[in-house]
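Here is how the chains run, residue by residue.
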Amino acid sequence: MIRLAHVLLVALSLFLLAGLVVAQDYPAPLTADQNVTIRFYSYNLGNAAFGPGTEKLIAEFMEANPNITVEGVPVPAAEMTARVQADIVAGTPPDVAQLIFDGLDFIATNFNAKPLETIVPPEELAAHFEGFSPNGLQLGRLNDLTYGLPFTFSTPVMFYNADLFRAAGLDPDAPPTTWAQVKEYALQIAEATEAEGVHIAGLGGFDWIVQSLIGSNGGQVLSADRSTIEFGSEAAIGAISMWQDLRLSGAHSQFTDAEITEAMFTGNLGMYLQSSAIQRTLITNAETNGWELRAAAMPAFGDLPTTPVNSGSALFMFSDDPARQRATWEFLKFVTSERGYTIITSDIGYLPLRPAIVEDPQYLQEWAKANPLVLPNLEQLTRLRAWVSYPGPNWRQIETILLESVQQAVTSDGDVATIMTDAAARAQALMP
Amino acid sequence: MEALRTTTGGQLQRSSPRSHLLLIVLSLVAVFPIYWMILTSFRADGELYSASLLPGQVTLDHYARAWNAIPMGRMLLNTVVMAASQTLLQLMTSVLAAYGFSRWNFRGKSILYALFALTWLVPFQATMIPNYVTLTQLGWRNSLAGLIIPHASSAFAILLLFQSFKSFPLELIDAARIDGATNWGVLWKVIFPNLRASIASLGVLLFISAWNDYFWPLLVTSHLENSTIQIGLQMFLSTDGNLWGPLMAAATTASLPILVVYVLLQRQIIDSFVKSGLR
């Protein structure tokens, strides 16, 4: 009798669950007379360099959607997580916020971010994602759900000074494609000129360039099941050893990222692996200081394919109100549309996640012709790997441990294997 | 020529050229960053990273860009109002609290004083969220009240003034009481005038601290028009490159009000620092 009751209970539960799945409600499209205001936190907004492009995005969206008002709130990138957290606790979360990819797991787990699959009907979502770079779409996904829609992002690009190449007897039309060549070229530049040879950015701040290097040498920082820290692996040790060797040999500068950026601006650095987001500033400074800027794809470890990791941000939805959720989705749709990415690329300086618009005369064709430096960056999208966010509340500390250990290894002649395995063990202890 | 200076005993002493030289060098070290900020604000784009101590081509472009990029005038006004109001409120509350602690013995005084001292040790990050939630419930976000009221009192100011009030001679207070002065009269007519130097120097410290506050205005305000100049300066910085020219122009403009206050009140500020022993 009891057994029969259990069976009936399970059957009833399954029936109800099936009904829920079938009848999942998505926020209804807004009617023309339905006025909605959404709050958008952005670290580009208000910034003197990137703000005007973001304001343009908002203005064009509101012009096309007069019943939706977007209240843009400028929040610096470093303080964004704290600000969103404070607002969530205060019961007034923003409807949408621009957050950096490395916090993806924490944002999805702790900030109650809304996956797009729960807000937008599948056919509408699929229709919008048509034309997206398949790799690019993965950047904001976790557990097969899209928590963050990639907004502004870039990849590591090898910028180089063609004039210094010529001065060192190198061919600027043949930039280095492997790290062995980078070392050779950098030593030649350092010897023949007063300039520094090469600099790889990323010893501080965020770990996406470190992840790019480790991945390109066949490794990864976190296991596929997201349970084991792997930056103590042989591949990771090999990647960081290459960096240490560059520095110890004199090919790599001894400066910090901030110092060397200024050296690059003034034409005193041969090669610079840095975010493509810096491109606009580099172009301006190269023109002002009279040297020729060029760009190449990230160099490889021998014959291994490179796996550039993205930097940048995604847009996360936090609103609980169906009308505001729908209004937010309309906004997300616009900023990641062909027109949206045209503004993001040409006015703000990030990559278009819809690569086809670069050849479309309606969008970026003219701009791309005038800005050929974007091409190596676009080409890297085919090999793009998503920036890994560490799980659990200690994600930031794990990232810091990795960065500090790489810094210790690269700026000393210490044993890289010891440093990296020790760091991996300490980070593993912080995993949930 | 050797200069003469007065010792505390009133005797004249010769000061050596070596000590003058040392002071001149130290002054230059202190002034150089300000000079460099002003110099960079007037440099043309092509000379921003020049090591030259003199400007080549002078331009006002960075000032124009800075004023166009952020609502500088409004942000400066907000900062002046916020810093001045916070300073006045903190001085008022700390004078009253220090007077209470030093003048009367009451049950639980030591515990209460210890609690005040302990709040000074609690980091801002620990109280930030509860304060923010309260402020949101009161509807004070994006307002000057939200910027000012949560900082209306300062444990640091109370502790500092308590030490000054404690050392005030009780005989003078007793004499005033015999003359019929009320407690309020004793505070404002006897103690306050005599401790004006300490209170003024504390006021300077509180004003500078409020002027430089960054995180709280960032949290409380959502629009640059309602925010302070420290938030405005941040808008010229980013992980993808800093706009040094406009940043230096904005920083120079932002430091002008403080510089004007200092130039006008230089004598009083130095006197108050020397008298109160504050550094």
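Residues numbered from 1 in each chain as written. Chains lettered and ligands numbered in written order. Predicted model: local features only at pLDDT ≥ 70, side-chain atom pairs only at ≥ 80, totals over all residues. Heavy atoms only, no water.

Engineer: Explain the overall build of chain A to me, please; I cannot follow it from the model alone.
Structural biologist: In terms of regular secondary structure, chain A is built from 18 helices and eleven strands. Across its three principal directions, the C-alpha atoms of chain A cover 85 × 55 × 40 Å. In chain A, which comprises 432 residues, the proportion classed as buried is 56%. In chain A, once contacts between residues fewer than 6 apart in sequence are set aside, the share between residues at least 24 apart is 78%. Positive and negative side-chain charges in chain A, numbering 22 and 48 respectively, have mean positions lying 5 Å apart. (Helix = DSSP H or I, 4+ residues; strand = E, 2+ residues; numbered from the N terminus. Buried < 20%, exposed > 50% of the residue type's maximum accessible area, 1.4 Å probe, protein only. Contact = heavy atoms within 4.5 Å. Lys, Arg positive; Asp, Glu negative; His and termini not counted. Charge placed at Lys NZ, Arg CZ, Asp CG, Glu CD.)

Engineer: Looking at this structure, how should I read the packing of aromatic side chains?
Structural biologist: A ring pair, where both rings are aromatic, is described by two values, the distance of the centres and the angle of the planes. Inspection of the entire model under this criterion finds 30 aromatic pairs over all chains. For the pair F50 of chain A and Y350 of chain A, a centre-to-centre distance of 6.0 Å together with 40° between the ring planes defines the contact as tilted. Here Y350 of chain A lies in the loop between α14 (338–348) and α15 (365–370) and F50 of chain A lies in the loop between β1 (36–42) and α2 (51–64), a separation of 300 residues in the sequence. For the pair formed by F50 of chain A and Y350 of chain A, the shared burial category is buried. Here the aromatic rings of F206 of chain A and W387 of chain A are separated by 5.8 Å at their centres, their planes lie at 85°, and the arrangement is edge-to-face. Note that F206 of chain A is positioned in the loop between β8 (196–200) and α9 (208–216) and W387 of chain A in the loop between α16 (374–379) and α17 (395–410), a separation of 181 residues in sequence. Look at F206 of chain A and you get partly exposed, because its relative accessible area is 22%. A residue is classified by how much of its surface remains accessible, and W387 of chain A, at 4% relative accessible area, is buried. Here a set of aromatic residues connected by ring pairs shows up, and it is made of F40, F61, F151, F331 and F334 of chain A. Against the face of W36 of chain B rests R43 of chain B, its NZ or CZ located 5.1 Å from the ring centre. (Phe/Tyr/Trp six-rings, centres within 6.5 Å; stacked < 30°, edge-to-face > 60°. Lys NZ or Arg CZ within 6 Å of the ring centre and 35° of its normal.)

Engineer: Looking at this structure, I do not really get the pattern of salt bridges. What am I missing?
Structural biologist: Side chains that carry opposite charge are capable of pairing whenever their charged atoms lie near each other. All names here are of chain A. Counted by the stated rule, this structure contains 24 salt bridges over all chains. A salt bridge links K56 to D347; its shortest N-O distance comes to 3.4 Å. On the criterion of sequence distance, the pair formed by K56 in helix α2 and D347 in helix α14 is long-range, its members being 291 residues apart. Looking at D347, the relative accessible area reads 26%, which means it is partly exposed. Between D102 and R396 there is a salt bridge, and its shortest N-O distance comes to 3.2 Å. Of this pair, D102 sits in the loop between β3 (96–100) and α4 (104–110) while R396 sits in helix α17, and the two are 294 residues apart along the sequence. Shared partners join several salt bridges into a network, and the residues in it are D163, R166, D173, E292 and R294. (Salt bridge = Lys/Arg side-chain N within 4 Å of Asp/Glu carboxyl O.)

Engineer: For this particular structure, what's the right way to read the nonpolar core?
Structural biologist: Side chains of a nonpolar character, in soluble globular proteins, are inclined to be buried together. If you look at the biggest cluster of nonpolar residues, it comprises 139 residues, and the most contacted ones within it are W179, F231 and M271 of chain A. Per element, the largest residue contribution to this core is eight residues, and it comes from α17 of chain A. Looking at which domains feed residues into this core, each of domain 1 (36–153 + 311–383) and domain 2 (156–309 + 392–429) of chain A gives three or more. Leave out the neighbours within four places in its chain, and F231 of chain A touches I214, Q220, V221, A236, Y390, I398, L402, M420, A423, A424 and A427 of chain A. L147, W211, M235 and A249 of chain B belong to the second largest nonpolar core, which has 37 residues in total. (Core = buried A, V, L, I, M, F, W, Y, C linked by side-chain atoms within 4.5 Å. Domains from an automatic or database assignment.)

Engineer: When you look at the domain arrangement of chain A in this model, what are you seeing that I'm missing?
Structural biologist: Many descriptions give the size of an interface as the accessible area lost when the pieces come together. Residue and element names in this part refer to chain A. Examined at the domain level, chain A breaks down into domain 1 (36–153 + 311–383) and domain 2 (156–309 + 392–429). Measuring from the centre of the C-alpha atoms in domain 1 to the corresponding centre in domain 2 gives 28 Å. Domain 1 puts 21 residues into the contact, and the matching count from domain 2 is 26 residues. Taking both partners together, domain 1 and domain 2 bury about 1,900 Å²; carbon and sulfur atoms supply 53% of that area. (Buried area = accessible area lost by both parts, 1.4 Å probe.)

Engineer: What is the right way to look at a nonpolar patch on the surface in this model?
Structural biologist: A cluster of nonpolar side chains, contributed by W104, F106, I111, L112, L115, L118, W120 and L121 of chain B, occupies part of the molecular surface with about 830 Å² of accessible area. Positionally, L118 of chain B belongs in helix α4 (residues 109–121). (Patch = residues over 30% accessible without salt bridge, like charges linked within 9 Å, V, L, I, M, F, W, Y side chains within 5 Å. Areas by Shrake-Rupley, 256 points an atom, 1.4 Å probe, with all protein chains shown as cover.)

Engineer: Would you explain the confidence of the model for chain A in this entry?
Structural biologist: Caution applies to low-pLDDT regions: their predicted coordinates should not be interpreted in detail. Averaged over all residues, the pLDDT of chain A equals 92, while 94% of them reach at least 70. Predicted confidence is poor over residues 15–22 of chain A, with pLDDT under 50, and the contacts of this stretch with residues over four places away or in other chains come to zero contacts. (pLDDT = per-residue confidence, 0-100.)

Engineer: Looking at this structure, how should I read α9 of chain A?
Structural biologist: Note on helix geometry: an α-helix contains 3.6 residues per turn, so any two residues three or four positions apart are oriented the same way. All names here are of chain A. Burial of α9 is extensive: nine of the nine residues sit out of reach of the surface. Residues of α9 that are buried: W208, I209, V210, Q211, S212, L213, I214, G215 and S216. After α9 finishes, the residue G218 shows a positive phi value of roughly 90°.

Engineer: Honestly, empty space enclosed by the protein in this entry has me stumped. Any pointers?
Structural biologist: Over the atoms a probe the size of a water molecule is rolled, and this reveals where empty space is left. In the structure shown here, the tally under the stated rule is one cavity of 30 Å³ or more. By volume, the largest cavity amounts to about 40 Å³. Forming the boundary of the largest cavity are P74 of chain A together with T221, S222, H223, L224, S227, I231 and M235 of chain B. (1 Å grid on protein atoms, 1.4 Å probe; cavity = no way out; pocket = protein on both sides within 12 Å on 5 of 7 lines; lining within 4 Å. Points joined across faces, edges and corners; volume = space filled by probe spheres on them.)

Engineer: Sorry, what's going on with unusual backbone geometry here?
Structural biologist: Peptide bonds are trans in most cases, and residues, glycine excluded, mostly fall at negative phi. Residue and element names in this part refer to chain A. Within the chain, N112 stands out as a residue other than glycine whose phi angle is a positive 55°. Of note, N112 is situated in the loop between α4 and α5 (122–129). Exposure remark for N112: the relative accessible area of 47% places this residue in the partly exposed category. Positive phi, close to 50°, is recorded for N143, a residue that is not glycine.

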